[in-house]
Amino acid sequence: ETKTTKVLVLDEKDVVWFPRHLSELDLIANRTLDAGADLESDHPGFNDQVYRQRRAELATVAQEYVWDQPIPRIDYTKDEVDTWGAVWDRMEDLLDKHACAEYKKSFVSMKEHCGYGRERIPQQQDITDYLLTKTGFRMRPVAGLLSSRDFLNGLAFRTFFSTQYIRHHSMPLYTPEPDICHELLGHAPMFADQDFADFSQEIGLASLGASDEDVQQLAWCYWHSVEFGLCREGNENKAYGAGLLSSFGELEYACADYRPAGGTEDRPEIKPWDPAVAGKQEFPITTYQPIYFLADSLNDAKSKMRAFTESLQKPFMSRYNENDNSIWIDRPV
Ligand code: HBI
Ligand code: FE
């Protein structure tokens, strides 16, 4: 079905350019919002010249990456592995308690198959090899934050733009930006689940050539699901969002069903997962979330997302052809 070729006569003025083949991610991968390694003055590593030099080095690795090449292996230093181990040690038990079943299943498997462990930082190529066999997802190095549009466009190609640097060792439980602890502990295991992989790609496909308003709605949906989503398991709320799965404080805050003795402690609000609501729900980026969205299951999250993306106004629909890594476009309505 995806092999059919159709001639498209889209008026170019109506639709912004978007990547149509996996190789074209090379054209957006380096459009980072900052230079990738420029640290803000309040960054924990701002005054550490060794750290800054390392960040510059890893930014270069990402910038030089070409889509069909093996992902360069990073020789992580003892300091870096220690930081990883410190995060690992704080997260392991909590993940067992609060991560969704799909996450836990992948996590066990990734310890066996792609080098997950407290003593060693997994490599993006090994994770990619694993994910490709499970769901066809892949990682691709990136130097820093991309625009929402560029970042989400990658998901259409079942590609997750992932940083390769680690947070500063002085504050192992804090990072102001994505780092490997967040990408590899929070995101990567989820992409081994078929429903979650499809869900993520659904957001990505909808972002291709979308209007700025729709891209923002999709980015906000992404935030309230891929980053901070909860799903129901029996009578418990479990985490599937990477922002929770990589933050020991917020994971407990979002999932623990504790009733403080005094009864005064603020508890977050839980809303049922609905992309039309999540896409318009503002959120803070420097504090715990005041609102979490709860899906019945990952499959339910996916079907609601699909229904929502179909309701968006776009002059075409797109599919990804995994055989030749290209986007196939149809023009209904
Ligand atoms: N860029 N590299 C990178 N990593 C992210 O996780 C990321 C991003 N850009 C935007 C973004 N996340 C989200 O906040 C949404 O805007 C999609
Ligand atoms: Fe993230």
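Coordinates for the structure precede this section.
One structure accompanies this document, and this report is about it. (Residues numbered from 1 in each chain as written. Chains lettered and ligands numbered in written order. Predicted model: local features only at pLDDT ≥ 70, side-chain atom pairs only at ≥ 80, totals over all residues. Heavy atoms only, no water.)

## Digging into the nonpolar core
For step 1, the next point in the chain: Grouped together as the largest cluster of nonpolar side chains are 91 residues, with contacts concentrated most on Y103, Y116, I127 and W273.
For step 2, the next point in the chain: When near neighbours in sequence (up to four residues on either side) are disregarded, Y116 contacts W88, F107, M110, K111, P122, I127, L184, A188 and P189. (Core = buried A, V, L, I, M, F, W, Y, C linked by side-chain atoms within 4.5 Å. Buried < 20%, exposed > 50% of the residue type's maximum accessible area, 1.4 Å probe, protein only. Contact = heavy atoms within 4.5 Å.)

## Some details on the site of ligand 1
For step 1, the next point in the chain: In the region of ligand 1, the neighbouring residues are V142, G144, L145, L146, S148, F151, L152, A219 and Y222.
For step 2, the next point in the chain: Measuring from a nitrogen atom of ligand 1, one finds a backbone N or O atom of L146 at 2.7 Å.
For step 3, the next point in the chain: Taken by itself ligand 1 offers 390 Å² of open surface, and the protein chains cover 87% of this.
For step 4, the next point in the chain: Every element with two or more residues in the shell around ligand 1 is listed here: α5 (148-156) and α8 (212-227).
For step 5, the next point in the chain: No other element matches the three residues that α5 contributes to the shell around ligand 1.
For step 6, the next point in the chain: Among the residues making up the shell around ligand 1, the classes are represented as seven nonpolar, two polar and no charged. (Near = heavy atom within 4 Å. Polar contact = N/O pair within 3.5 Å; in protein donor to acceptor, adjacent residues only side chain to side chain. Areas by Shrake-Rupley, 256 points an atom, 1.4 Å probe, with all protein chains shown as cover. Helix = DSSP H or I, 4+ residues; strand = E, 2+ residues; numbered from the N terminus. Nonpolar A, V, L, I, M, F, W, Y, C, P; charged D, E, K, R; others polar.)

## Focus: the packing of aromatic side chains
For step 1, the next point in the chain: Applying the stated criterion across every chain yields a total of 20 aromatic pairs.
For step 2, the next point in the chain: Ring geometry for F18 and F316: centres 5.5 Å apart, planes at 20°, overall stacked. With F18 in the segment before α1 (49-63) and F316 in the loop between α12 (298-311) and β7 (317-321), the pair connects residues that are 298 residues apart, well separated along the chain. When sorted by exposure, F18 lands in the same class as F316, which is buried.
For step 3, the next point in the chain: Taken together, the ring pairs connect F137, F151, F160, F191, F196, F199, Y222, Y240, W273 and F293 into an aromatic cluster.
For step 4, the next point in the chain: Cation over ring: R267 sits above Y253, and NZ or CZ is 5.8 Å from the ring centre. (Phe/Tyr/Trp six-rings, centres within 6.5 Å; stacked < 30°, edge-to-face > 60°. Lys NZ or Arg CZ within 6 Å of the ring centre and 35° of its normal.)

## With respect to the side chain of D179
For step 1, the next point in the chain: Position of D179 relative to the elements: it lies in the loop between β2 (159-162) and α6 (180-187).
For step 2, the next point in the chain: With near-sequence residues (within four places) excluded, D179 lies in contact with T163, Y165, I166 and R167.

## Looking at the side chain of T128
For step 1, the next point in the chain: Note that T128 resides in helix α4 (residues 124-134).
For step 2, the next point in the chain: The residues touching T128, leaving out its near neighbours within four places in the chain, are I71, F137, R138 and M139.

## Overview of the coordination of the iron ion (ligand 2)
For step 1, the next point in the chain: Around the iron ion (ligand 2), the donor atoms from the protein are H182 (NE2), H187 (NE2) and E227 (OE), and they sit 1.9 to 2.1 Å away.
For step 2, the next point in the chain: All donor residues of the iron ion (ligand 2) come from one chain, and their arrangement in sequence is H-x4-H-x39-E. With a gap of 45 residues between them, H182 in helix α6 and E227 in helix α8 connect regions that are remote in the sequence.
For step 3, the next point in the chain: A relative accessible area of 11% places H182 in the buried class. (Donors = N, O, S within 2.8 Å, 3.2 Å for Na, K, Ca; no water.)

## A short note on α12
For step 1, the next point in the chain: With 14 residues, α12 ought to run about 20 Å at 1.5 Å a step, and its terminal C-alpha atoms sit 20 Å apart, in line with that.
For step 2, the next point in the chain: Buried within α12 we find L298, D300, A301, K302, M305, F308 and T309.
For step 3, the next point in the chain: Along its buried surface, α12 packs onto α3 (101-113), α7 (194-207), α8, α11 (275-278) and β6 (291-295). (Expected span 1.5 Å × (residues − 1).)

## What about the pattern of salt bridges?
For step 1, the next point in the chain: Tallied over the entire structure, the rule returns 20 salt bridges.
For step 2, the next point in the chain: Of the charged contacts, one joins R149 and D212 as a salt bridge, the two residues approaching to 2.8 Å between their closest N and O atoms. Within this pair, whereas R149 is found in helix α5, its partner D212 is found in helix α8, the two being separated by 63 residues in sequence.
For step 3, the next point in the chain: Classification of D212 by relative accessible area gives exposed; the value is 56%.
For step 4, the next point in the chain: As a salt-bridge pair, D195 and K302 come within 3.1 Å of each other at their nearest N and O atoms. (Salt bridge = Lys/Arg side-chain N within 4 Å of Asp/Glu carboxyl O.)

## Description of the sheet that holds β6
For step 1, the next point in the chain: Pairing is mixed in the open sheet, where four strands are placed in the order β4-β3-β6-β5. Whereas interior strands pair on both sides, the edge strands pair on one side only; in this sheet they are β4 (236-239) and β5 (269-272). If you compare each strand with its neighbour and ignore which way they point, the axes differ by 40° on average.
For step 2, the next point in the chain: Relative to β6, strand β3 (residues 230-233) is paired through two bridges, and the arrangement is parallel. Paired with L230 across the strands is L294, a residue of β6. (Pairing = 2+ DSSP bridges. Axes fitted to C-alpha atoms, helices over the stretch in contact; angles between N-to-C directions.)

## Details of a negative patch on the surface
For step 1, the next point in the chain: Together, D34, D38, E40 and D42 give the surface a local cluster of negative charge.
For step 2, the next point in the chain: With respect to the helices and strands, D38 occurs in the segment before α1. (Patch = residues over 30% accessible without salt bridge, like charges linked within 9 Å, V, L, I, M, F, W, Y side chains within 5 Å. Lys, Arg positive; Asp, Glu negative; His and termini not counted. Charge placed at Lys NZ, Arg CZ, Asp CG, Glu CD.)

## A closer look at the environment of G45
For step 1, the next point in the chain: Looking at where G45 falls in the secondary structure, it is placed in the segment before α1.
For step 2, the next point in the chain: As a C-alpha pair, G45 and H169 span 124 residues in sequence and 8.3 Å in three-dimensional space.
For step 3, the next point in the chain: Ignoring any residue separated from it by four or fewer positions in sequence, one finds G45 in contact with L39, Y51, R52 and H168.

## Notes on the packing of α7 against α8
For step 1, the next point in the chain: It is at 9 Å that the axes of α7 and α8 come closest, and there the two elements cross at 165°. The orientation of α7 relative to α8 falls into the category roughly antiparallel. As for how α7 packs across α8, the hand of that crossing is left-handed. Residues F196, F199, S200, I203, A206 and S207 of α7 pack against V215, L218, Y222, S225 and V226 of α8.
For step 2, the next point in the chain: In terms of residue class, the contact of α7 with α8 is built from eight nonpolar, three polar and no charged. (Parallel < 35°, antiparallel > 145°, perpendicular 65-115°, else oblique. Left-handed = near helix turned anticlockwise from the far one by under 90°.)

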